[in-house]
Amino acid sequence: MELKTLYSPEKIGNVQIKNRIVRSATFMRSTEKYGFVGQNLINIYSELARGGTGLIISGYTAVDPSGTSSAYQACLYDDSFIPGQKKLVKAVHEYTDVKIAAQIVHAGRQGEHPKYPPIAPSAIPFKMTGLTPRELSTEEIRKLIQKFIDTGRRAYECGYDLVQLHAAHGYLLSNFISPYTNKRTDEYGGNAQKRVRVLIDIYNGLRDELGKNFPITIKLQTEDFIPNGLRLEDGAEHAKILSEVGYDAIEPSGGGGDAQTFTKKPYPSLNIKSSKEENYFLPHVKKIRPYLKNCKLILMGGIKNPIFAEKVLQDKIVDFISMCRPLIYEPNLPNRWKSGDLSPAKCISCNGCFMSMRIGPVYCVTKKRLEDTREKRKVINKK
Ligand SMILES: Cc1cc2nc3c(=O)[nH]c(=O)nc-3n(C[C@H](O)[C@H](O)[C@H](O)COP(=O)(O)O)c2cc1C
């Protein structure tokens, strides 16, 4: 089978992406201390760019020190981070037509910074850490909105081709859109329109600063997977509003720390055991698609099969597919498929990579185990 659509170009806003393969944002725990880009992170991105991905979305990048989740998470909350970030973008752009987006985030109620207690739209306890976040005042929300805008502007100055707001997985922006974590009665809480107000204000601020040619995209919580949380119906309503506002692309997602405590499964919540469990956000994109106007849709979550990817693109169910864990195992996966080797991604979705971030730089645990076994065999055979 020919993967004609998967390897055809498509635009997000005015930016042309050379194929339909996106690296979904991935925190690699590989910056220098306190979020400065160093050679280790640059090497990871260069390898991805060399491997044929059309658009690389960066790991979540903090808009404020109070919103960091790790000392080894990229930051862009002030100008001191710009030189390193510029080098990273330049390294990616050395590969023809590869584009890179900056994903920007604040940890919100999932924050664990020793110096900054967690903050959120409402003071709802977070079971995973045992902490109850402090409720933000309206004035503080306005200041945080400005931090997202300033960070987006810095990303633009660094040469990033697009920006993506991280509004999923239980971080600050998704705390606003979920009825479970947002009980506010001011203009930032209440009905759907008010819960997404923060996303509208950030969008408008970024547009004013950066003009119409810089694509503004969003990874959007479309379901919380918890009792009394955000349902897919709400997620679709939010997607409709955001598409009308002008967002250039939406990557639906769901779950997060609360879902982990309810389901006792790590995020990403599915440890995929069979092909039937793959592509687990397909119902979400199908629900959302009819609501979108001039806004590209990215399918993320458990994508491993190039023939499936080609089909969802050909059928115009989505415009792009994105992958995270498969590209940790095989950064060269897009080139492998393009060369005609259509066997599915080698990633077994074991979540070992997700666990590895607790102790050091993220790596594929399964691949390492296989490599170690091969090495041991070699030694035994030599004896
Ligand atoms: C190690 C690791 C780091 C991640 N970091 C981020 C991140 O920085 N931002 C984000 O939005 N999602 C992050 N995710 C979630 C992925 O982008 C993706 O949504 C999820 O892994 C499902 O896609 P997959 O089945 O292709 O892995 C991370 C996931 C893993 C395993």
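All figures in this text were calculated on a predicted structure; none of them were measured in a lab. (Residues numbered from 1 in each chain as written. Predicted model: local features only at pLDDT ≥ 70, side-chain atom pairs only at ≥ 80, totals over all residues. Heavy atoms only, no water.)

Trainee: Honestly, helix 1 (residues 39-50) in this entry has me stumped. Any pointers?
Mentor: Residues spaced three or four apart along an α-helix point in a common direction, a consequence of the helix completing one turn every 3.6 residues. Between its terminal C-alpha atoms helix 1 stretches 16 Å, which fits the 16 Å expected from 12 residues at 1.5 Å a residue. Of all the positions in helix 1, only Leu 41, Ile 42, Tyr 45, Ser 46, Leu 48 and Ala 49 are classed as buried. An end-on view of helix 1 places all buried positions within 160° of arc, on one side of the element. Once helix 1 ends, the next one or two residues include Gly 52, with phi positive near 105°. (Helix = DSSP H or I, 4+ residues; strand = E, 2+ residues; numbered from the N terminus. Expected span 1.5 Å × (residues − 1). Buried < 20%, exposed > 50% of the residue type's maximum accessible area, 1.4 Å probe, protein only. Arc of directions from axis to C-beta.)

Trainee: I would appreciate a short explanation of the site of the ligand in the present structure.
Mentor: Of all residues adjacent to the ligand, which total 24 residues, the nearest are Ala 25, Phe 27, Lys 219, Gly 302 and Arg 325. One of the side-chain N or O atoms of Gln 103 is found 2.9 Å from a nitrogen atom in the ligand. Within the side chain of His 166, an N or O atom sits 3.1 Å from an oxygen atom of the ligand. Contact with the protein chains covers 97% of the free accessible surface of the ligand, which is 610 Å². Among the secondary structure elements, those contributing two or more residues to the shell around the ligand are helix 11 (325-329) and helix 13 (352-356). Among the residues making up the shell around the ligand, the classes are represented as 14 nonpolar, eight polar and two charged. (Near = heavy atom within 4 Å. Polar contact = N/O pair within 3.5 Å; in protein donor to acceptor, adjacent residues only side chain to side chain. Areas by Shrake-Rupley, 256 points an atom, 1.4 Å probe, with all protein chains shown as cover. Nonpolar A, V, L, I, M, F, W, Y, C, P; charged D, E, K, R; others polar.)

Trainee: Even after reading the chapter, I still don't get the side chain of Gln 103, so can you show me in this structure?
Mentor: Here Gln 103 lies in strand 6 (residues 99-105). The residues contacting Gln 103, other than those within four sequence positions of it, are Ala 25, Ile 57, Ser 58, Gly 59, Tyr 60, Thr 61, Gln 164, His 166 and Lys 219. (Contact = heavy atoms within 4.5 Å.)

Trainee: Help me understand the layout of surface pockets, please; the structure alone is not making it clear to me.
Mentor: Quantified by volume, the second largest pocket comes out at close to 260 Å³. Taken together, 15 residues make up the lining of the second largest pocket; nearest its centre are Met 28, Glu 47, Ile 328, Pro 331 and Val 362. Here the lining of the second largest pocket is built from residues that sort into 10 nonpolar, no polar and five charged. (1 Å grid on protein atoms, 1.4 Å probe; cavity = no way out; pocket = protein on both sides within 12 Å on 5 of 7 lines; lining within 4 Å. Points joined across faces, edges and corners; volume = space filled by probe spheres on them.)

Trainee: Just to check I follow, could you spell out the packing of helix 3 (residues 138-158) against helix 6 (residues 197-210) for this structure?
Mentor: Packed helix pairs are characterised by how far apart their axes lie and by the angle those axes make with each other. The contact between helix 3 and helix 6 brings their axes to 9 Å, and the two run at 40°. Classed by the angle they form, the pair helix 3 and helix 6 counts as oblique. Taken as a pair, helix 3 and helix 6 cross one another with a handedness that is right-handed. Every residue of helix 6 that contacts helix 3 at Ile 141, Ile 145, Phe 148, Ile 149, Gly 152, Arg 153 and Tyr 156 is listed here: Val 198, Asp 201, Ile 202, Gly 205, Leu 206, Glu 209 and Leu 210. The residue inventory of the contact of helix 3 with helix 6, partitioned by class, reads nine nonpolar, two polar and three charged. (Axes fitted to C-alpha atoms, helices over the stretch in contact; angles between N-to-C directions. Parallel < 35°, antiparallel > 145°, perpendicular 65-115°, else oblique. Left-handed = near helix turned anticlockwise from the far one by under 90°.)

Trainee: I would appreciate a short explanation of the nonpolar core in the present structure.
Mentor: Within soluble globular proteins, side chains that are nonpolar generally end up buried alongside one another. Counting residues in each nonpolar core, the largest one holds 93 residues, and the members touching the most others are Leu 165, Leu 199, Leu 299 and Ile 321. With 12 residues, the next largest nonpolar core counts Val 15, Ile 57, Ala 101 and Ala 249 among its residues. (Core = buried A, V, L, I, M, F, W, Y, C linked by side-chain atoms within 4.5 Å.)

Trainee: Hey, could you run me through unusual backbone geometry in this one?
Mentor: What is expected of a backbone is that most residues other than glycine have negative phi and most peptide bonds are trans. Residues other than glycine seldom take positive phi values, yet Arg 29 does so here, at roughly 50°. Of note, Arg 29 is situated in the loop between strand 3 (21-23) and helix 1. Taking relative accessible area as the criterion, Arg 29 reaches 19% and is therefore assigned buried.

Trainee: I tried to follow the packing of aromatic side chains on my own but got confused; where do I start?
Mentor: In this description, a pair of aromatic rings is defined by centroid distance and the angle of the planes. Here the structure, examined in full by the defined rule, presents eight aromatic pairs. Summarising the aromatic geometry, the rings of Phe 36 and Phe 81 are spaced 4.4 Å apart at their centres and angled 25° between planes, so their arrangement reads as stacked. Taken together, the residues span a long stretch of sequence, with Phe 36 in the loop between strand 3 and helix 1 and Phe 81 in the loop between strand 5 (61-62) and helix 2 (82-93) at a distance of 45 residues. Relative to Phe 81, the ring of Tyr 77 lies with its centre 4.9 Å away and its plane at 70°, an arrangement referred to as edge-to-face. A relative accessible area of 4% places Phe 81 in the buried class. Here the aromatic cluster, defined as three or more aromatic residues joined through ring pairs, consists of Phe 27, Tyr 60 and Tyr 171. (Phe/Tyr/Trp six-rings, centres within 6.5 Å; stacked < 30°, edge-to-face > 60°.)

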